[in-house]
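What follows is each chain in one-letter form.
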Amino acid sequence: AQTASGSAAASVPPPQPAAVTPGVEIQGLAAVCTDLARLTDTSRLPGILERAAVALDASGVVVWISDQDGAALVPIATHGYPASVISRMGTLRADGQNATAAAFRTGLLQTVPSSAGLPGAIAAPLLASVGCRGVMAAEVRQGAEKHPARLAAASILAAQLAALVGPAASESADDRTSALL
């Protein structure tokens, strides 16, 4: 093709649609964190976890806490799983070969990629000044484990949950704070 000045016009490919990256509804996340900070009655925790699941686009959330020796993780609060699944959960060995145990051992966020219609997962450590207290694990939909905003939201929620978890029984009385969970 020729332009009015006689030079050849370059062929421009049609614009491609931008990839849609799901964001995090920040006001909802802030409200969840505020409610966690104000929590005095653990019976309210499942409802707060339900809202946390919405922020993460998660079908299920489990809060795992370390046992006294740090050898196992025990589920203490869940959302999104039937009672039959919860009763079969049991404990996880801290040295296990799964994302939850790895998050606990390393203190780093871990993910499991979704594949073939199966959900992915995010495992965020509950970190305190004395080390890792447990893990918040979320089974996420639609590849949420790949999105930086969802990973950041999981880390924020885990940090807030860590503030609720008291010290291990083996710590000295001087180091103890009250535990709600």
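Figured I'd write up the structure that's included with this text. (Residues numbered from 1 in each chain as written. Predicted model: local features only at pLDDT ≥ 70, side-chain atom pairs only at ≥ 80, totals over all residues. Heavy atoms only, no water.)

### Considerations on the overall build of the protein chain
Counting its secondary structure elements, the protein chain contains five helices and six strands. Each helix and strand of the protein chain, placed in order from N terminus to C terminus, yields the pattern α-α-β-β-α-β-α-β-β-β-α. Residue burial in the protein chain is summarised as follows: out of 181 residues, 37% are buried. Long-range contacts, defined as pairs at least 24 residues apart, comprise 51% of the intrachain contacts of the protein chain with a sequence gap of at least 6. Accessible area of the protein chain: about 10000 Å², with a carbon and sulfur share of 56%. (Helix = DSSP H or I, 4+ residues; strand = E, 2+ residues; numbered from the N terminus. Buried < 20%, exposed > 50% of the residue type's maximum accessible area, 1.4 Å probe, protein only. Contact = heavy atoms within 4.5 Å. Areas by Shrake-Rupley, 256 points an atom, 1.4 Å probe, with all protein chains shown as cover.)

### Re the sheet that holds strand 4 (residues 110–112)
Pairing is antiparallel in the open sheet, where six strands are placed in the order 3-2-1-6-5-4. Lying at the two open borders of the sheet, with one neighbouring strand each, are strand 3 (92–93) and strand 4. With nine bridges connecting them, strand 5 (residues 120–128) and strand 6 (residues 131–140) associate as antiparallel partners. Residue pairing across strands places L126 opposite G134, the latter belonging to strand 6. Its contacts with the sheet put helix 4 (residues 99–106) on strand 1 (58–66), strand 2 (72–79), strand 3, strand 4, strand 5 and strand 6, and the angle it makes with strand 6 is roughly 150°. Together, strand 1, strand 4, strand 5 and strand 6 form the strand contacts of helix 5 (residues 148–162), whose direction differs from that of strand 5 by roughly 40°. (Pairing = 2+ DSSP bridges. Axes fitted to C-alpha atoms, helices over the stretch in contact; angles between N-to-C directions.)

### As for the pattern of salt bridges
Tallied over the full model, the rule gives three salt bridges. Close ionic contact of R141 with D57 constitutes a salt bridge, the shortest N to O distance being 3.3 Å. A residue pair is termed long-range when its members are at least 10 positions apart, and R141 in the loop between strand 6 and helix 5 and D57 in the loop between helix 2 (45–56) and strand 1 qualify at 84 residues. What makes R141 partly exposed here is its relative accessible area of 36%. (Salt bridge = Lys/Arg side-chain N within 4 Å of Asp/Glu carboxyl O.)

### Here's the deal with the pairing of strand 5
Judged from the three bridges that link them, strand 4 and strand 5 form a sheet pairing that is antiparallel. Counterpart to Q110 in the pairing with strand 5 is A123. Hairpin connection of strand 5 to strand 6: two residues between the antiparallel strands.

### Describing the packing of helix 2 against helix 5
Packing of helix 2 against helix 5 leaves a shortest axis separation of 9 Å and a crossing angle of 160°. With respect to helix 5, the axis of helix 2 lies roughly antiparallel. In this structure, helix 2 meets helix 5 at a crossing whose hand is right-handed. Residues L45, A52, V54, A55 and L56 of helix 2 form the contact with helix 5, whose own contacting residues are R150, A153, A154, L157 and L161. Taken together, the residues of the contact of helix 2 with helix 5 sort by class into nine nonpolar, no polar and one charged. (Parallel < 35°, antiparallel > 145°, perpendicular 65-115°, else oblique. Left-handed = near helix turned anticlockwise from the far one by under 90°. Nonpolar A, V, L, I, M, F, W, Y, C, P; charged D, E, K, R; others polar.)

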